[in-house]
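Here is what each chain is made of, one letter per residue.
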Amino acid sequence: MDALDNVRIGMTAEKTVVVTSVTSEMTVGHFVANMPQVYATPIMILHMEMASGSAIASDLPEGFVSVGMNVKVRHLAATPVGRKVRAISRVVQIDSKSVVFEVEAWDGDRKIGDGTHRRGIVNVLEFEKRFGVRQLSMSMG
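Conventions we followed
Residues numbered from 1 in each chain as written. Predicted model: local features only at pLDDT ≥ 70, side-chain atom pairs only at ≥ 80, totals over all residues. Heavy atoms only, no water. Phe/Tyr/Trp six-rings, centres within 6.5 Å; stacked < 30°, edge-to-face > 60°. Helix = DSSP H or I, 4+ residues; strand = E, 2+ residues; numbered from the N terminus. Expected span 1.5 Å × (residues − 1). Buried < 20%, exposed > 50% of the residue type's maximum accessible area, 1.4 Å probe, protein only. Contact = heavy atoms within 4.5 Å. Polar contact = N/O pair within 3.5 Å; in protein donor to acceptor, adjacent residues only side chain to side chain. Pairing = 2+ DSSP bridges. pLDDT = per-residue confidence, 0-100.

## Concerning the packing of aromatic side chains
- Tallied over the entire structure, the rule returns one aromatic pair.
- With 5.0 Å between their ring centres and 50 degrees between their planes, F127 and F131 make a pair best called tilted. Of this pair, F127 and F131 both sit in helix α3 (residues 124-131), four residues apart, which is roughly one turn of that helix.

In structure tokens, the structure reads:
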């Protein structure tokens, strides 16, 4: 059995977050001094990756996870604190060892980001042995 036998083109998932004013960790101003308190590009990419991982996680065999390999994303518009963001991911291509997703981020009815994301499929035990990593989280983003 191949690790991707149950993964299909069109599988989707969403990650919804609120850009919060209580903590500023989601804003560019948190990372770079004198920058605005708006949704940061690296956080948008993280949420797109999390949605992509979620789209296929339950369809991978026991002991396998997906890990981010490549991101090609445009950040199209700023999102202020207090707004809800939805990151949406859809499987568009399946290779022997990776999956490509079309990703989008939305602030209400306004698209704020889009692009593609590739995730590699790894056997956790083999990965840990190869890289000396211990306790690889099964819910990787």
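## Some remarks on helix α2 (residues 41-57)
- Its 17 residues give α2 an end-to-end C-alpha distance of 24 Å, which sits within 8% of 24 Å, the value for a rise of 1.5 Å per residue.
- Residues of α2 that are buried: I43, M44, H47, M48, E49, A51, S52, G53, A55 and I56.
- Those residues of α2 that are buried lie in contact with β1 (12-18), α1 (28-31), β2 (64-75), β3 (84-94), β4 (98-107) and β5 (110-123).

## What to know about the side chain of S98
- Inspection of the secondary structure puts S98 in strand β4.
- A relative accessible area of 5% means that S98 is categorised as buried.
- At 2.7 Å, the side chain of S98 forms a polar contact with the side chain of R118.
- With near-sequence residues (within four places) excluded, S98 lies in contact with L4, M69, Q93, R118, R119, G120 and I121.

## Looking at the pairing of β4
- With seven of ten residues buried, β4 lies mostly within the body of the structure.
- Looking at chain direction, β3 and β4 are connected through nine bridges and run antiparallel. Within β4, the position partnered with A87 by the bridge is A105.
- Hairpin connection, β3 to β4: the antiparallel pair is bridged by three residues.
- As judged from the ten bridges shared by β4 and β5, these two strands associate in the antiparallel manner.

## Notes on unusual backbone geometry
- With a phi close to 65 degrees, N34 is a non-glycine residue in the positive phi region.
- Residue position: N34 is located in the loop between α1 and α2.

## Description of the confidence of the model for the protein
- Residues with a pLDDT of 70 or more make up 91% of the protein, whose mean pLDDT is 91.
- Mean pLDDT across the secondary structure elements of the protein bottoms out at α1, with 84, and peaks at β4, with 98.

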